[in-house]
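Here are the chains, one letter per residue:
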Amino acid sequence: MSSGDKQPDPDDFFTETRMSFGDHIEDLRTHLWRAIKGFVIALVFSFFIGKPVLAFIARPVEEQLAAFYDERVKRVAEDLKANDPEMVQMNEPRQMELLFPREQIEQRLKIKLDPTVLTVLKKDDKDVQYVSLTAEFRPLDLEISTHKARQKVGRRPVLSTLNVQEAFIVYFKVCIVTGFVIASPWVFFQIWSFVAAGLYPQEKRYVNVFLPVSLGLFLIGVAVCEFLVMPRAVEALLWFNQWLDLEPDLRLNEWLGFAIWMPVIFGASFQTPLVMLFLERIGVMTVAIYRGKRRIAWFVMAVFAAIITPSTDALSMLFLWVPMSLLYELGIGFCLLSPRRPKLDVDVPEPEDMVEV
């Protein structure tokens, strides 16, 4: 062995991964390009599934809109049954003239009609004879009985667009978000591959353990928001329209932002145990403080849940506050299961005892 050769330090964890600044930049460029390529592939794929994804996002509000109009029809029917004076007056019989072809009436009734009682109208440049009959109907009864059919033929209780390009823009936004969600495991893997080279083994172990937990908590928060909170929130907000006697006209573009950010906020809120563990690790908080300030923490989370949920009903707030309170207790459990290592007691000599060398 030559005198210039150096024996590698066994305590140096970065012997095999140490790189120059230029190598770091090149490694960063490589991982970024891989992440971008993965995102582009996922984006192309998302254009084929954009329509069902958009339908999934719009489903909570459209279901509540349909329930909103169904409830209005139900209230009118109940008022009619209770003989409400205003509804009874509006439902008084109306007359309508109906025209039936002469041949149809004669065939069904097997009679011969007098031409003097017939009405002659032009149809395809020909004189056609009709039998004019007067029918009576009740307007509200007719509207109630044809309510569902009119929703299929006329304007449906769905999200609306105010210009021709809004639907295309919203569809493109949905595809971008969908593409990022699909590509996110690959993108995060590339980020992790770049960052992991500069971490100690114990730091890598923490990330490998807590990253799946963080992802799981995030997905649980998103699911709670999407399937429990969002329908209740829309129902509560539509109740204000009913209370103020206003006609809701919900825009697709505005709902998209609401429907995307609310699950993200809920998912981030479900990171409470990991945030507590991190604060305990760096010495800002302790298990004793968490336990002693439990009531204050619950109150703060209740205020946060009341502010962040768009509806004013207590049930929607509880859908966020109760899981966060349970996650607070889970955070205390994390701190107890993986306690912070105590600092080594090192005797530091007094300044007058130090010897200058």
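Notes on the structure follow. Keep in mind that this is a model prediction, so the values were computed, not measured. Sequence order as written defines the numbering, with residues in each chain counted from 1. Selection of residues for local features in this predicted model requires a pLDDT of at least 70, selection of side-chain atom pairs for listing and counting requires 80 or more, and totals for whole chains, interfaces and linings are taken over all residues. Excluded from the side-chain calculations are hydrogens and water; all other atoms, namely the structure's heavy atoms, are used.

As for the pattern of salt bridges
Two side chains carrying opposite charge are able to pair once their charged atoms lie near each other.
And step 1. Take a side-chain nitrogen of Lys or Arg and a carboxyl oxygen of Asp or Glu: if they are within 4 Å of each other, that pair is a salt bridge. Per the counting criterion, the structure on display carries five salt bridges.
And step 2. A salt bridge links Glu26 to Arg29; its shortest N-O distance comes to 2.7 Å. Taken together, the residues span about one helical turn, with Glu26 and Arg29 both in helix H1 (residues 21-81) at a distance of three residues.
And step 3. For every residue, the accessible area obtained with a 1.4 Å probe (protein chains only) is divided by the maximum for its type, and the residue is called buried under 20%, exposed over 50%, and partly exposed between those limits. Arg29 gets classed as partly exposed once you look at its relative accessible area, which sits at 41%. Think of it this way: any DSSP run of H or I at least four residues long counts as a helix, any run of E at least two long counts as a strand, and we number them from the N terminus.

Re the sheet that holds strand S1 (residues 94-101)
And step 1. Pairing is antiparallel in the open sheet, where three strands are placed in the order S1-S3-S2. Among the strands making up the open sheet, the edge pair consists of S1 and strand S2 (118-123). Here the strands of the sheet are splayed against their neighbours by 45 degrees on average, with no regard to which way each runs.
And step 2. Two strands qualify as a pair provided DSSP detects at least 2 bridges between them. Sheet topology places S1 next to strand S3 (residues 126-137); eight bridges connect them, and they run antiparallel. Each residue of the ladder has a partner; that of Leu99, found in S3, is Ser132.
And step 3. Most of the contacts of helix H3 (residues 102-109) go to S1, to which it runs at about 85 degrees, and overall it touches S1, S2 and S3. Helix axes are fitted only over the stretch in contact, all axes being lines through C-alpha atoms; the angle between N-to-C directions runs from 0 to 180 degrees. The contact criterion used is simple: two residues touch if any of their non-hydrogen atoms lie within 4.5 Å.

A short note on the side chain of His147
And step 1. For His147, the location among the structural elements is in helix H5 (residues 147-153).
And step 2. Judged by its relative accessible area of 9%, His147 is buried.
And step 3. Other than its neighbours up to four places away in sequence, His147 contacts Tyr69, Asp70 and Val73.

Overview of H3
And step 1. Along H3, the residues that are buried comprise Arg102, Ile105 and Glu106. On an axial view of H3, the arc spanned by its buried residues comes to 95 degrees, and they lie on one face. Of the residues in H3, the exposed ones pointing more than 90 degrees away from the buried face are Gln107 and Arg108.
And step 2. Packing partners of the buried residues in H3 comprise S1, S2 and S3.
And step 3. Positive backbone phi, approximately 55 degrees, marks Lys110, located one or two places after H3. By arc we mean the arc of the directions from the helix axis to the C-beta atoms, nothing more.

Quick word on the environment of Trp255
And step 1. Secondary-structure assignment places Trp255 in helix H8 (residues 252-269).
And step 2. Residue class for Trp255 comes out buried when judged on its relative accessible area of 9%.
And step 3. Distance in space between the C-alpha atoms of Trp255 and Ala58 is 7.9 Å, their sequence separation being 197 residues.
And step 4. With sequence-adjacent residues up to four places away left out, Trp255 is seen in contact with Ile57, Ala58, Pro60, Val61, Leu159, Met230 and Val234.
And step 5. Any pair of nitrogen or oxygen atoms within 3.5 Å is treated as a polar contact; in protein, a donor-acceptor pairing is required on top of that, and neighbouring residues in sequence qualify only through side-chain atoms on both sides. One polar contact links the side chain of Trp255 to the main-chain carbonyl oxygen of Ile57, over a distance of 3.0 Å.

A few points about the packing of aromatic side chains
Aromatic rings considered in pairs are described by the distance between their centres and by the relative angle of their planes.
And step 1. Pairs were defined over the aromatic rings of Phe, Tyr and Trp, the Trp ring being its six-membered one, requiring ring centres within 6.5 Å. Orientation was assigned from the angle between planes: stacked under 30 degrees, edge-to-face over 60, tilted for the rest. Enumeration according to the criterion identifies seven aromatic pairs in this entry.
And step 2. An aromatic cluster of three or more residues is present, and its members are Phe47, Phe168, Tyr171 and Phe172.

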